[in-house]
Amino acid sequence: MLTLTLPGMTCGGCAAAIRQALAPLPGIAAVEIDLKDKRVQVAGEAKPEAVRAAIIEAGFEIAA
Ligand SMILES: [Cu+2]
């Protein structure tokens, strides 16, 4: 389980964009998005660096 904090993720549109960005990556079993805590949890075998790259490419900064 990979947990990332995305300070710029503020609404359902952001959540949808992140889900869309992660969808093509191999090895993702589930994506949990908590807008209140601005946290994304990714379950599965996806490479953390690939997950981070896809999120950054979608226009979000990763705080942790
Ligand atoms: Cu938004």
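Before any of the text, the structure's been laid out above.
Parameters at a glance
- Residues numbered from 1 in each chain as written.
- Predicted model: local features only at pLDDT ≥ 70, side-chain atom pairs only at ≥ 80, totals over all residues.
- Helix = DSSP H or I, 4+ residues; strand = E, 2+ residues; numbered from the N terminus.
- Axes fitted to C-alpha atoms, helices over the stretch in contact; angles between N-to-C directions.
- Parallel < 35°, antiparallel > 145°, perpendicular 65-115°, else oblique.
- Left-handed = near helix turned anticlockwise from the far one by under 90°.
- Contact = placed C-beta atoms within 7 Å.
- Nonpolar A, V, L, I, M, F, W, Y, C, P; charged D, E, K, R; others polar.
- Pairing = 2+ DSSP bridges.
- Core = buried A, V, L, I, M, F, W, Y, C linked by C-beta atoms within 7 Å.
- Buried ≥ 20, exposed ≤ 12 C-beta atoms within 10 Å, placed from the backbone.

## What about unusual backbone geometry?
- For Lys38, which is not a glycine, the phi torsion comes out positive at approximately 55°.
- By secondary structure assignment, the location of Lys38 is in the loop between β2 (28–34) and β3 (39–44).

## Re the packing of helix α1 (residues 12–22) against helix α2 (residues 48–57)
- Across the interface, α1 lies against α2 with an axial gap of 9 Å and an inter-helix angle of 130°. Classified by the interaxial angle, the pair formed by α1 and α2 is oblique. Remark: the crossing between α1 and α2 carries right-handed chirality. Along its contact with α1, which presents Ile18, Ala21 and Leu22, the element α2 presents Val51, Ala54, Ile55 and Glu57.
- Each residue belonging to the contact of α1 with α2 can be placed in one class, and the counts come to 6 nonpolar, no polar and 1 charged.

## So, the sheet that holds β3
- Here we have 3 strands laid out as an open sheet, ordered β1-β3-β2, and antiparallel in their pairing. A single partner strand is all that each edge strand has here, and the edge strands are β1 (2–5) and β2. The sheet shows a mean angle of 15° between the axes of neighbouring strands, taken without regard to direction.
- For β2 and β3, the ladder comprises 6 bridges, and the chain directions are antiparallel. The partner of Glu32 across the bridge, within β3, is Gln41.
- Contacts from α1 reach β2 and β3 within the one sheet, and its direction differs from that of β2 by about 165°.

## Considering the pairing of β3
- Both β1 and β3 contribute to a ladder of 4 bridges, which runs antiparallel. Bridging across to β3, Thr5 finds its partner in Arg39.
- Remark: 4 residues form the turn of the hairpin made by β2 and β3, two consecutive strands paired antiparallel; Lys38 in that turn has positive phi of roughly 55°.

## Some details on the nonpolar core
- Formed by Leu6, Met9, Ile18, Leu22, Val40, Val42, Val51, Ala54, Ile55 and Phe60, the largest nonpolar core amounts to 10 residues.
- The biggest single contributor to this core is α2, with 3 residues.
- In this structure, Met9 is in contact with Cys14, Ala15, Ile18, Leu35, Lys38 and Phe60, ignoring residues within four places of it in sequence.

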